[in-house]
Amino acid sequence: MAKHTKRYDVLIIGGGNAGLCAAISARRTGASVLVLEAAPKFYRGGNTRHTRNMRCAHDAATDTLTGPYSEDEFFEDLLRVTEGNTDSDLARHMIAQSKSVLPWIGEQGVRFQPSLGGTLSLGRTNSFFLGGGRAMLNALYLTAEELGVEVEYDAEVIALEINGNIFTAATFEKAGQIYNVCAGSLVTAAGGFEANIDWLKEGWGEIAENFLIRGTPYNKGTILKMLIDHGVETVGDPTQCHAVAIDARAPKFDGGIITRLDCVVFGIVVNRHCQRFYDEGEEIWPKRYAIWGRLVAQQPDQIAYIVFDAPSLERFMPSLYPPISASTIGALATELGLEPAALEATVTEFNALVQPGTFDSSLLDDCRTEGLSPPKSHWAQRIETAPFYAYPVRPGITFTYLGTKVDREARMIMRDGKPAENMFAAGEIMAGNILGSGYAAGIGMTIGSVFGRIAGTQAAEACA
């Protein structure tokens, strides 16, 4: 084993948004910083590469936000999507810190664009990165490198040296060589375990084989397992995760945002037996899109189909793959490999129970069904105008919620209830403290940015 040439004040494992925010914060205090990124340089950044926006509280409209978004409203939205399954104190702390993190991110070179409208309904609440997640990452890396942060790519950590609640060193592999690096404190920002299908099976069973992983194949949970083995307390349910319905034709890994489908609210969703199984119009899309992966996972063969007609084709953001189309519902069923009579019966029943209303995709309108189970509470319109369209969808796992328990300082909590001396966590690896279940658009980036900045500052102070 080769000894790394120098000892660092702060070692950061993971080079995504959370890790870079931690690195920049630590370096700005004067600490020496090394980032170990398991991916090659081109694929650096974990799931941040696939992001588009972040949700932060703010007091007034800006050039890129259409109005204020108070801390209380943010917290209420979080409680609604998690159904109260969150650490309220930590969540309140994150939301309060998000107000200053938004301009801070801009100060690190990240640029924003005017928010998008349509089904996203995020113009007031979420700030969109100009150029998307990869552009954001490039800006953060440029700033970090200009500050003197060192980065090792293709550097997979294979062991941690932790004595009690004190970190001393890490062992990593790069280009077939094994290195040992010592540091005064540790920040883990290495993501969840969504790319580890065997670990997913421990909670989900064999159906996890049919899951598609929207993000990086490098988030295998190896660091999380090491921390658990060294006595770090966990938080969250291993079956809870950010899971959306994505195109079933997407690749197994790294399909990203362009495989997500935002058209559920404009049609109906049926399983392979042509049966509806949930209210497609329950709530504004950004507050419900992340439940559909779990819903599809509960269906036979973990597949479903979004069915809609011609007027809805231009109402949502297009995805990577074109929809499957046909001139009749029966012909569409044949194209999908479904029973034509069954799909025709489902569509006919739906159409018969749609009530008159005024359609408005920007709010909870009065277009609904009556006497249908499950109902469609909003945006219900008859599916009757050819051509007819459908997308096949499978569960798309973004990140998992089982992670390390932390306090307000992003400091890991050990199983004995005591805080670690010099170990901190940020991003997906500790997101379960905030997200016990559910999701709202942009919160993952908020968690990473806020706790990344906190973790970097605290890690630098811990080794001062």
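The following paragraphs examine the structure supplied in this document. In this numbering scheme, every chain counts its residues from 1 along its sequence in written order. Selection of residues for local features in this predicted model requires a pLDDT of at least 70, selection of side-chain atom pairs for listing and counting requires 80 or more, and totals for whole chains, interfaces and linings are taken over all residues. To obtain the side-chain values, all non-hydrogen atoms of the structure were included, while hydrogens and water were left out.

**Quick look at the overall build of the protein**
Next up, step 1: Secondary structure elements follow DSSP: runs of H or I no shorter than four residues count as helices, runs of E no shorter than two count as strands, and numbering proceeds from the N terminus. The number of helices and strands found in the protein is 10 helices and 20 strands.
Next up, step 2: Scaling as 2.2 N^0.38, a compact globule of 464 residues should have a C-alpha radius of gyration of about 23 Å, and the protein matches this with 23 Å.
Next up, step 3: Over its C-alpha atoms, taken along the principal directions, the protein stretches across nearly 70 × 45 × 40 Å.
Next up, step 4: Scored against the burial criterion, the 464 residues of the protein give a buried share of 59%.
Next up, step 5: Residue contacts are counted whenever heavy atoms from the two residues lie within 4.5 Å of one another. Considering only residue pairs separated by 6 or more positions, the protein has 73% of its internal contacts joining residues 24 or more positions apart.
Next up, step 6: Note on areas: these come from Shrake-Rupley sampling with a 1.4 Å probe, and a residue is covered only by the protein chains present in the view. Accessible surface for the protein amounts to roughly 17100 Å². Of this, 49% is attributable to carbon and sulfur atoms.
Next up, step 7: In the protein, 40 side chains carry a positive charge and 54 a negative one; their mean positions are 3 Å apart. As defined in this context, the radius of gyration uses C-alpha atoms, and a globule is described by 2.2 Å times the residue total to the power 0.38. Accessible area is worked out with a 1.4 Å probe on protein chains only. A residue is then buried under 20% of its type maximum, exposed over 50%, and partly exposed in between. Positive charge is attributed to Lys and Arg, negative charge to Asp and Glu, and no charge count is given to His or to the chain ends. Where a charge lies is defined by one atom per residue type: Lys uses NZ, Arg uses CZ, Asp uses CG and Glu uses CD.

**Here we look at empty space enclosed by the protein**
Next up, step 1: Definitions used throughout: a 1 Å grid over protein atoms alone; a cavity as a set of points that fits a 1.4 Å probe which cannot get out; a pocket as an open set with protein on both sides within 12 Å along at least five of seven lines; a lining residue as one with an atom within 4 Å of a point. Grid points are joined across faces, edges and corners, and a volume is the space filled by probe spheres set on the points. Enumeration over the complete set of coordinates arrives at 2 cavities of 30 Å³ or more.
Next up, step 2: Of the voids in this model, the second largest cavity is the one considered here, and its volume is about 40 Å³.
Next up, step 3: Every residue lining the second largest cavity is listed: Val 265, Tyr 278, Asp 279, Glu 280, Glu 282, Glu 283, Trp 285, Arg 288, Ile 291 and Trp 292.

**Description of the environment of Leu 336**
Next up, step 1: Positionally, Leu 336 belongs in helix 8 (residues 329-336).
Next up, step 2: Residue Leu 336 is classed as buried on the basis of its relative accessible area of 12%.
Next up, step 3: Along the primary structure Leu 336 and Ser 325 are separated by 11 residues, whereas in three dimensions their C-alpha atoms are 9.4 Å apart.
Next up, step 4: If we ignore the near neighbours within four places in the chain, the residues touching Leu 336 are Tyr 305, Ile 324 and Ala 390.

**Considering the sheet that holds strand 4 (residues 53-55)**
Next up, step 1: When DSSP finds two or more bridges between two strands, those strands count as paired. Judged by pairing direction, the sheet is antiparallel, and its 3 strands sit side by side in the order 4-6-5 without closing on themselves. The open sheet terminates on both sides in strands that have one partner only, identified here as strand 4 and strand 5 (112-113).
Next up, step 2: With 3 bridges joining them, strand 4 and strand 6 (residues 126-129) adopt antiparallel strand pairing. Within the sheet, the bridge partner assigned to Met 54 lies in strand 6 and is Ser 127.
Next up, step 3: Helix axes use the C-alpha atoms of the stretch in contact, all axes being lines fitted to C-alpha atoms, and the angles between their N-to-C directions lie in the range 0 to 180 degrees. Contacting strand 4 and strand 6, helix 10 (residues 443-462) crosses the sheet at an angle of about 75° to strand 4.

**What about the packing of aromatic side chains?**
Next up, step 1: Two aromatic rings, drawn from Phe, Tyr or Trp (for Trp, its six-membered ring), form a pair once their centres lie within 6.5 Å of each other, and the interplanar angle then sorts them: stacked below 30 degrees, edge-to-face above 60, tilted otherwise. A complete count under the given rule lists 17 aromatic pairs for this structure.
Next up, step 2: When the ring of Tyr 69 is compared with that of Phe 74, the centres are 5.4 Å apart and the planes differ by 25°; the resulting orientation is stacked.
Next up, step 3: Ring plane angle 50° and centroid distance 5.4 Å describe the contact between Phe 399 and Tyr 401, whose orientation is recorded as tilted.
Next up, step 4: Of the aromatic side chains, those joined through ring pairs into one cluster are Phe 266, Phe 308, Phe 316, Phe 359, Tyr 389 and Tyr 391.
Next up, step 5: Sitting over the face of the ring of Phe 42, Arg 134 holds its NZ or CZ atom 4.8 Å from the ring centroid.
Next up, step 6: Sitting over a ring, as applied to charges here, requires NZ of Lys or CZ of Arg to be within 6 Å of the ring centre and within 35 degrees of the ring normal. Taking NZ or CZ as reference, Arg 315 lies 4.4 Å from the ring centre of Phe 359, over its face.

**A closer look at the pattern of salt bridges**
Next up, step 1: Salt bridge criterion: a side-chain nitrogen from Lys or Arg within 4 Å of a carboxyl oxygen from Asp or Glu. Applying the stated criterion to the full structure yields 20 salt bridges.
Next up, step 2: The shortest N-O distance in the salt bridge between Arg 55 and Asp 77 comes to 3.8 Å. With Arg 55 in strand 4 and Asp 77 in helix 2 (residues 71-82), the pair connects residues that are 22 residues apart, well separated along the chain.
Next up, step 3: Overall, Asp 77 belongs to the buried group, its relative accessible area being 7%.
Next up, step 4: For Asp 89, the salt bridge is made with Arg 408, and the minimal N-O distance between the two is 3.0 Å. Of this pair, Asp 89 sits in helix 3 (residues 88-107) while Arg 408 sits in the loop between strand 18 (403-404) and strand 19 (411-413), and the two are 319 residues apart along the sequence.
Next up, step 5: Judged by relative accessible area, Arg 408 falls into the partly exposed class, the value being 39%.
Next up, step 6: Within this structure, Arg 55, Asp 77 and Arg 80 form a network of salt bridges that share partners.

**Some points on the pairing of strand 9 (residues 166-174)**
Next up, step 1: Across 7 bridges, strand 8 (residues 156-163) lies against strand 9 in antiparallel orientation. Counterpart to Ile 162 in the pairing with strand 9 is Phe 167.
Next up, step 2: Pairing of strand 9 with strand 10 (residues 177-188), which is carried by 6 bridges, proceeds in the antiparallel orientation. Within the sheet, the bridge partner assigned to Ala 170 lies in strand 10 and is Val 181.
Next up, step 3: Between the end of strand 9 and the start of strand 10, which pair antiparallel, lie 2 residues, with Ala 175 showing a positive phi angle near 55°.

**Some thoughts on the layout of surface pockets**
Next up, step 1: The volume enclosed by the second largest pocket comes to roughly 330 Å³.
Next up, step 2: In terms of lining residues, the second largest pocket is bounded by 18 residues, among which Val 81, Glu 83, Ile 291, Arg 294 and Gly 438 are the most central.
Next up, step 3: Of all the elements in the fold, those that place two or more residues in the lining of the second largest pocket are helix 2, strand 13 (241-247) and helix 7 (292-297).
Next up, step 4: Each residue gets one label: Ala, Val, Leu, Ile, Met, Phe, Trp, Tyr, Cys and Pro are nonpolar, Asp, Glu, Lys and Arg are charged, and the others, such as Gly, are polar. Taken together, the residues that form the lining of the second largest pocket break down as 8 nonpolar, 4 polar and 6 charged.

**A word on the packing of helix 1 (residues 17-28) against helix 10**
Next up, step 1: Where helix 1 meets helix 10, the axes come as close as 7 Å, and the angle between the chain directions of the two elements is 35°. Here helix 1 and helix 10 pass one another in a crossing that is right-handed. Contacts from Asn 17, Ala 18, Cys 21, Ala 22, Ser 25 and Ala 26 in helix 1 reach Met 445, Gly 448, Ser 449, Gly 452, Arg 453, Gly 456, Thr 457 and Ala 460 in helix 10.
Next up, step 2: Within the contact of helix 1 with helix 10, the residues separate by chemical class into 6 nonpolar, 7 polar and 1 charged. Note on convention: near helix rotated counterclockwise from far helix by under a right angle means a left-handed crossing. Clockwise means right-handed.

Without other data, these values stay purely geometric and don't point to any function.
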